[in-house]
Amino acid sequence: MRITVCLTDNRPDAWIEGLRAALPEAMVENWRPGAPQADHAVVWAPPQEFIDDQPALRGIFNIGAGVDALLKLKLPPEAQVVRLDDAGMSVQMAEYVCHALIRHFREFDIYEADARESRWSFRKPREREDFAVGVMGLGVLGERVAKAVAQFEFPVNGWSRSPKAIGGLRCFAGEAEFDDFLGASRVLVNLLPLTEATRGILNRENLSRLNGGEPGGYLINVGRGAHLVEADLIPLLDSGRLAGATLDVFEVEPLPAEHPFWRHPKITVTPHGSARTVREASIAQIAGKIRAVELGEPIAGVVGRERGY
Ligand code: NAP
Ligand code: GLV
């Protein structure tokens, strides 16, 4: 069995070494144009040239949860596309979202500003019942995040494509229930995959529906930058419609130094690090799945190409 590795923006050596150790029966090599045809590929954002050079791949294993960059390519129709299934990401996502939520709810940003001025200030406690959290996407990451938030006794709403029943959550599904979900939520967490149906979903109209249409909504975007219509955000913040935003993902990454999000007082920017790929766990998961595929066994995390995630 031959495995080819093509990782844009990632150093391949440790991945290759790890895959060789986990699959000693396989020939694992970094891809070079004209390399022999492989059975499986381990990839992150590969160029179309790679796919064209490897037309008979049976499995394409993405070293991230989101496959939007991969599905933009013209892929071999028969190849199975497989995304990472947690592999250490959901706990990171839960801590990131809980941190952003609690920082906003407890007004730690204001205490930080006061502390910089040596100002001993008290703020009136706020009621968590007034800060219902809406999690868009109840998949591997969204469900874990929603349950972590519920541990802090915030009311939690969840929205997915198919109907779900998850203990401790009020679940909404599909376009028909989207407006009710938004209206019932004050803090919106985006954990959707980027697809044709979800691109631009964080827009002026939808964000204005938060909190029953009253001012004071808050956005935490950890999905993809293109979910947000970036031009809509600052007017919503400046008018007070939204109280703030924590953004981990952007239309253009790295976020250009001149981008106004860096300097806006109500926006917290982090560099697409809310849930990083954990190499060892990911290698173990991918190697296990390649073995299962070779044995003809079913695996989790197979992407439905027609639905886009
Ligand atoms: P997942 O398991 O595939 O879950 C996706 C969820 O979104 C599912 O609940 C799905 O509904 C729902 N969904 C998809 N399309 C929808 C639509 N049109 N309307 C309503 N709900 C819809 O994905 P995941 O592993 O949780 O990851 C989610 C995303 O997080 C990734 O695609 C990636 O973009 C992002 N991510 C970001 C980082 C970061 O560091 N910022 C790290 C990892 C991942 P169903 O359950 O009904 O299918
Ligand atoms: C990171 O953004 C991922 O999709 O895993």
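Here the structure is a predicted model, which is why all the values come from computation and not from measurement. (Residues numbered from 1 in each chain as written. Chains lettered and ligands numbered in written order. Predicted model: local features only at pLDDT ≥ 70, side-chain atom pairs only at ≥ 80, totals over all residues. Heavy atoms only, no water.)

1. Thoughts on the packing of aromatic side chains
Each aromatic ring pair is summarised here by two numbers: the centre-to-centre distance and the angle between the ring planes. Per the stated rule, a full pass over the model turns up ten aromatic pairs. Summarising the aromatic geometry, the rings of Trp120 and Phe122 are spaced 6.4 Å apart at their centres and angled 85° between planes, so their arrangement reads as edge-to-face. Each member of the pair, Trp120 as well as Phe122, carries the same accessibility label: exposed. Taking NZ or CZ as reference, Arg128 lies 5.3 Å from the ring centre of Phe154, over its face. Across from the ring centre of Tyr309, 4.0 Å away, lies the NZ or CZ of Arg307, which sits over that ring. (Phe/Tyr/Trp six-rings, centres within 6.5 Å; stacked < 30°, edge-to-face > 60°. Buried < 20%, exposed > 50% of the residue type's maximum accessible area, 1.4 Å probe, protein only. Lys NZ or Arg CZ within 6 Å of the ring centre and 35° of its normal.)

2. Points about the domain arrangement of the protein
What the domain assignment lists for the protein is domain 1 (2-87 + 277-294) and domain 2 (90-269). A C-alpha centroid distance of 33 Å is found between domain 1 and domain 2. The interface is formed by seven residues belonging to domain 1 together with five residues belonging to domain 2. Regarding the contact of domain 1 and domain 2, the summed buried area is about 550 Å², with carbon and sulfur atoms giving 44% of it. Counting across the interface, domain 1 meets domain 2 through one salt bridge. Of the charged contacts, one joins Arg224 and Asp68 as a salt bridge, the two residues approaching to 2.9 Å between their closest N and O atoms. Counting the contacts that link domain 1 with domain 2 gives two residue pairs in polar contact (both at pLDDT 80 or more). Tallied by class, the residues present in the side of domain 1 that touches domain 2 amount to two nonpolar, one polar and four charged. (Domains from an automatic or database assignment. Contact = heavy atoms within 4.5 Å. Buried area = accessible area lost by both parts, 1.4 Å probe. Salt bridge = Lys/Arg side-chain N within 4 Å of Asp/Glu carboxyl O. Polar contact = N/O pair within 3.5 Å; in protein donor to acceptor, adjacent residues only side chain to side chain. Nonpolar A, V, L, I, M, F, W, Y, C, P; charged D, E, K, R; others polar.)

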